[in-house]
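Given next are the chains, with one letter for each unit.
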Amino acid sequence: MSTALITGASSGIGAVYARKFASRGHDLVLVARTTQKLEDLAAELRAAYGVKVEILTADLINATQRQTVENRLRDGSPIDVLVNNAGGNIAGTIAETNPVDLEKLVTLNVTVPTLLAAAAASGMARRGTGTIINIGSVVGFMPEHFSGIYAATKSYILTLSQSLAAELGNRGVHVQAVVPAATRTAIWERSGVDANTLPNLMEVDDLVDAALVGLDRKELVTIPPLGDEALWQNLESARHGLLGGLGGTKPAERYRLEK
Ligand code: NAP
C-alpha cells in the first residue's frame, strides 16, 4: 500500500488530491494549518475508502513546524508520493508590498516545496521509487501580466521540477510539475479577488483529474488548460536550442567595448 503526503490538504486543490488518491487506495498524510478541516476530511476518507489517514498540523512558514513535516518525510514510514501543493498569493505590487509579507510568500511558495522535495527525495532515491508532484501556475509563463512576486515563485516551481527530474529520473523517482490556470478555489478570496469575476475558471475536480491523467502518462510537465500541446513542446525545443549558444568564453560581439 502506498502513502501520499499532501501539503495544503485542507481546501482547494490539495483536498481534491486527497480524495482522488484515497479513491485510488493510497494511505494519506494530510498537512495544513487548520486541524479541524483536516480531521473532517480524514474522517470522510477513512469511512469512504478504508484508507489510513494521518494528520500533521503545521504552519509551513514556521521553520520549527515545517521541520516536523520534513522529519516525517525523511524518517517516518515511507512516503511514496509527495504533493507539494500548499501555496498562496498576496495582492499588491513588489514595490508597495511589506517586505515581511514578501518573505512569507517566498518561504511558502519557494522554500517550503524545495525543502520538502529534498526531504522526500533522499528516501525515494534510496528506495529507488517515488513520485514528487509540484503545483506551479501558468502565471509563471507570463510574469508581466501579474503584479507582485507570485509569478516568479511559480516560475521557480517549474525549474525546480526540471532540476529534480534530471537528478532523480534515473533513480526511480518520477517528478511532475502541474501547471494550472485559474481554478475555482479559496485562493482567490484569500488574496482579495472575487473568483466569479474571472472570465475563465476551471473547476478544481477537472484540474486534478487532468493532472492525474498527466501523472499516469508519466509527464514531467502537465498543463491542463493548454489545448495545443505543440505550443509547450515548441517552447521546450527553443530552450534546448538556446543551450548550444551559451558556452562562449568571450563576451558576444555586441557586448565588446569599441576600441
Ligand atoms: P487554497 O484553497 O487557498 O488552498 C491552499 C492550501 O494551502 C490550504 O489547504 C491551506 O490550508 C494551505 N496553506 C496555506 N498557507 C499555509 C501555511 N503557511 N502552512 C501550511 N499550509 C498552508 O488554494 P488552492 O488554489 O487550492 O492552492 C493550491 C496550490 O495551487 C497553490 O500552490 C497555488 O499557488 C496553486 N495554484 C492555484 C491556482 C488557482 O487558480 N486556484 C492556479 C494556479 C496554481 P490552511 O489555511 O488550513 O493552512
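Note: the structure precedes this text.
The rules behind these values
- Residues numbered from 1 in each chain as written.
- Predicted model: local features only at pLDDT ≥ 70, side-chain atom pairs only at ≥ 80, totals over all residues.
- Heavy atoms only, no water.
- 1 Å grid on protein atoms, 1.4 Å probe; cavity = no way out; pocket = protein on both sides within 12 Å on 5 of 7 lines; lining within 4 Å.
- Points joined across faces, edges and corners; volume = space filled by probe spheres on them.
- Helix = DSSP H or I, 4+ residues; strand = E, 2+ residues; numbered from the N terminus.
- Nonpolar A, V, L, I, M, F, W, Y, C, P; charged D, E, K, R; others polar.
- Near = heavy atom within 4 Å.
- Polar contact = N/O pair within 3.5 Å; in protein donor to acceptor, adjacent residues only side chain to side chain.
- Areas by Shrake-Rupley, 256 points an atom, 1.4 Å probe, with all protein chains shown as cover.
- Pairing = 2+ DSSP bridges.
- Contact = heavy atoms within 4.5 Å.
- Axes fitted to C-alpha atoms, helices over the stretch in contact; angles between N-to-C directions.
- Buried < 20%, exposed > 50% of the residue type's maximum accessible area, 1.4 Å probe, protein only.
- Right-handed = clockwise from strand over helix to strand, strands pointing away.
- Phe/Tyr/Trp six-rings, centres within 6.5 Å; stacked < 30°, edge-to-face > 60°.
- Expected span 1.5 Å × (residues − 1).
- Parallel < 35°, antiparallel > 145°, perpendicular 65-115°, else oblique.
- Left-handed = near helix turned anticlockwise from the far one by under 90°.

K.L.:
Would you mind going over the layout of surface pockets in detail, with residue names and values included?
P.N.:
Each pocket or cavity is described by its volume, and for the second largest pocket that value is around 260 Å³. As for the second largest pocket, its lining consists of 14 residues, of which Arg217, Glu219, Thr222, Ile223 and Glu229 are closest to the centre. Elements with a minimum of two residues in the lining of the second largest pocket: helix H7 (204-216), strand E7 (221-222) and helix H8 (229-243). The residue makeup of the lining of the second largest pocket, split by class, is 7 nonpolar, 4 polar and 3 charged.

K.L.:
Before we move on, can you summarise the site of the ligand with the specific residues and values?
P.N.:
Lining the immediate surroundings of the ligand are 31 residues, of which Arg33, Thr34, Tyr150, Thr183 and Thr185 lie closest. Within the backbone of Asn85, one N or O atom sits 2.7 Å away from an oxygen atom of the ligand. Between the ligand and Arg190, the relevant distance is 2.8 Å, taken from an oxygen atom to a side-chain nitrogen or oxygen of the residue. Calculation on the ligand without its partners gives an accessible area of 880 Å², and the protein chains cover 97% of this total. Elements with a minimum of two residues in the shell around the ligand: helix H1 (12-23), helix H5 (150-168) and helix H6 (187-190).

K.L.:
Break down the sheet that holds strand E2 (residues 27-32) for me, citing the residues and quoting the values.
P.N.:
What links the strands of a sheet is backbone hydrogen bonding, and the strands pair in either a parallel or an antiparallel sense. Here 7 strands make up an open sheet; going across it, the order is E3-E2-E1-E4-E5-E6-E7 and the pairing parallel. The open sheet has two edge strands with one neighbour each: strand E3 (53-57) and E7. Bridging between strand E1 (residues 3-7) and strand E4 (residues 81-84) involves 3 bridges; their strand directions are parallel. In the strand pairing of E4, Ile6 is matched with Val83. Across the face of the sheet, H1 comes into contact with E1, E2, E4, strand E5 (130-135) and strand E6 (173-178) while running at roughly 170 degrees to E1. Against the sheet, helix H3 (residues 63-75) makes contact with E1, E2, E3 and E4, and its axis sits at roughly 145 degrees relative to E3, the strand it touches most.

K.L.:
Which residues make up the pairing of E4, and what values do they have?
P.N.:
Along E4, one buried face is formed by Val81 and Val83 and the opposite face, lined by Leu82 and Asn84, is buried too. As a crossover connection, the stretch from E4 through helix H4 (residues 99-127) into E5 is right-handed.

K.L.:
Give me the pairing of E6: which residues, what numbers.
P.N.:
Within a regular beta strand, the side chains point alternately toward one face of the sheet and then the other, so they alternate between its two faces. With 6 of 6 residues buried, E6 lies mostly within the body of the structure. Across the two faces of E6 the burial is the same, with Val173, Val175 and Ala177 and His174, Gln176 and Val178 all buried. Inspection of the sheet shows E5 paired to E6 by 6 bridges, in the parallel sense. Among the inter-strand pairings, Ile133 is bridged to a residue of E6, identified as Gln176. Handedness of the crossover joining E5 and E6 through H5: right-handed. Note: E6 against E7, 2 bridges, orientation parallel. Counted as the bridge partner of Val178 is Thr222 from E7.

K.L.:
Describe the environment of Asn98, naming the residues involved and giving the relevant values.
P.N.:
Positionally, Asn98 belongs in the loop between E4 and H4. The class of Asn98 is partly exposed, set by a relative accessible area of 39%.

K.L.:
Residue-level account of the packing of aromatic side chains, with values.
P.N.:
This model, assessed by the stated rule, comprises 2 aromatic pairs. Taking the centre distance of 5.9 Å and the plane angle of 20 degrees together, the rings of Tyr17 and Phe21 count as stacked. You can see Tyr17 and its partner Phe21 sitting in helix H1, 4 residues apart, about one turn around the helix. We note that Tyr17, like Phe21, is buried. Measuring from centroid to centroid gives 5.9 Å for Phe141 and Trp232, while their planes differ by 45 degrees, and the two rings are tilted.

K.L.:
Describe H8, with residues and values.
P.N.:
Over its 15 residues, H8 extends 22 Å from the first C-alpha to the last, a length consistent with the 21 Å expected when each residue adds 1.5 Å. Capping of H8 at its N-terminal end is provided by Asp228; its side-chain oxygen lies 3.1 Å from the backbone amide nitrogen of Ala230.

K.L.:
Please give an account of the packing of H1 against H7 that cites residues and values.
P.N.:
At a minimum axis separation of 9 Å, H1 and H7 run at an interaxial angle of 55 degrees. Put simply, H1 runs oblique to H7. The hand of the H1/H7 crossing is right-handed. Where H1 abuts H7, its residues Gly12, Ile13, Val16, Tyr17, Lys20 and Phe21 lie against Val204, Asp205, Leu207, Val208, Asp209, Ala211, Leu212 and Leu215. A class-by-class count of the residues in the contact of H1 with H7 yields 10 nonpolar, 1 polar and 3 charged.

K.L.:
Provide a residue-level description of unusual backbone geometry, including the pertinent values.
P.N.:
One non-glycine residue with positive phi stands out, namely Lys218, at about 60 degrees. Within the element layout of this structure, Lys218 appears in the loop between H7 and E7.

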